[in-house]
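Chain by chain, the residues:
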Amino acid sequence: MCGRPISVDDAGVRSDEPGWIPVCDLSRLKAETIVRVAGLDMLLIWNEGDVVACERACPHEQADLGLGHVAAGRLFCPRHAASFDLRDGAITAGWPSPPLRLYPVRVTGEQVLIDAGGQSAR
């Protein structure tokens, strides 16, 4: 779940709004689970019915989180045993790391959009 739940049919969202970048179709995200955002160091994640956008580099060791996996609402780093809560970005207890940065996400019809300049409320 992301910091703010999204609605798949949010009629108030337009892809031409300033700051919102169309990334991919919802069907592609559901099929792939983790999608790298072209041109930005960001990921889109399909997590138990929710869409989450986050930074691509692990804030602990800078590993490519796009090579990790998602399970039980957490994104697991491919380099170490720590994982991040996809609701608020918090790292596994005991790891000295800032939280994973999450970004606002919107879905209009089948199009997933992100606000790369914003940060989700936690």
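Residues numbered from 1 in each chain as written. Predicted model: local features only at pLDDT ≥ 70, side-chain atom pairs only at ≥ 80, totals over all residues. Heavy atoms only, no water.

Q: Looking at this structure, I do not really get the overall build of the chain. What am I missing?
A: Along the backbone of the chain there are 1 helix and 10 strands. Along the chain, helices (α) and strands (β) appear in the sequence β-α-β-β-β-β-β-β-β-β-β when read from the amino end. Per-residue burial for the chain yields a buried fraction of 43% across its 122 residues. Within the chain, contacts between residues separated by at least 24 positions form 46% of all contacts whose residues are at least 6 apart in sequence. Here the chain displays about 6000 Å² of accessible surface, and carbon together with sulfur accounts for 51% of that area. (Helix = DSSP H or I, 4+ residues; strand = E, 2+ residues; numbered from the N terminus. Buried < 20%, exposed > 50% of the residue type's maximum accessible area, 1.4 Å probe, protein only. Contact = heavy atoms within 4.5 Å. Areas by Shrake-Rupley, 256 points an atom, 1.4 Å probe, with all protein chains shown as cover.)

Q: I keep staring at the state of the cysteines and nothing clicks. Help me out?
A: Counting across every chain of the model gives 0 disulfides. Counting only cysteine sulfurs, Cys-58 is the nearest neighbor of Cys-77, a cysteine outside any disulfide, at a range of 4.0 Å. The exposure class assigned to Cys-77 is buried, which follows from its relative accessible area of 6%. (Disulfide = S-S within 2.5 Å.)

Q: Even after reading the chapter, I still don't get the environment of Leu-29, so can you show me in this structure?
A: By secondary structure assignment, the location of Leu-29 is in helix H1 (residues 26–32). Of the residues examined, Leu-29 reaches a relative accessible area of 0% and is grouped as buried. In sequence terms Leu-29 and Ile-45 are 16 residues apart; their C-alpha atoms lie 7.0 Å from each other. Each residue touching Leu-29, except ones within four places of it in the same chain, is listed here: Cys-24, Val-35, Leu-44, Ile-45, Trp-46 and Val-51.

Q: Got a minute to help me understand the sheet that holds strand E7 (residues 83–85) in this structure?
A: The pairing of strands in a sheet happens through backbone hydrogen bonds and is either parallel or antiparallel. Across the sheet, which stays open at both edges, the 3 strands sit in the order E5-E6-E7 with antiparallel pairing between neighbours. The open sheet has two free edges, formed respectively by strand E5 (69–71) and E7, since each of these has just one partner strand. Pairs of neighbouring strands in the sheet enclose a mean axial angle of 25°, with direction left out of account. One ladder, built from 3 bridges, connects E5 with strand E6 (residues 74–76); its direction is antiparallel. By the bridge assignment, His-69 is partnered in E6 with Phe-76. (Pairing = 2+ DSSP bridges. Axes fitted to C-alpha atoms, helices over the stretch in contact; angles between N-to-C directions.)

Q: How should the nonpolar core be read in this particular structure?
A: What tends to happen in soluble globular proteins is that the nonpolar side chains get buried as a cluster. Counting residues in each nonpolar core, the largest one holds 16 residues, and the members touching the most others are Ile-45, Cys-54, Leu-65, Leu-75 and Leu-100. Among the elements of the structure, strand E3 (42–47) and strand E4 (50–55) are those that each provide at least two residues to this core. When near neighbours in sequence (up to four residues on either side) are disregarded, Ile-45 contacts Leu-29, Thr-33, Ile-34, Asp-50, Val-51, Val-52, Cys-54, Val-70, Leu-75 and Leu-86. Leu-29, Leu-44, Val-112 and Ile-114 belong to the second-largest nonpolar core, a separate cluster that totals 14 residues. (Core = buried A, V, L, I, M, F, W, Y, C linked by side-chain atoms within 4.5 Å.)

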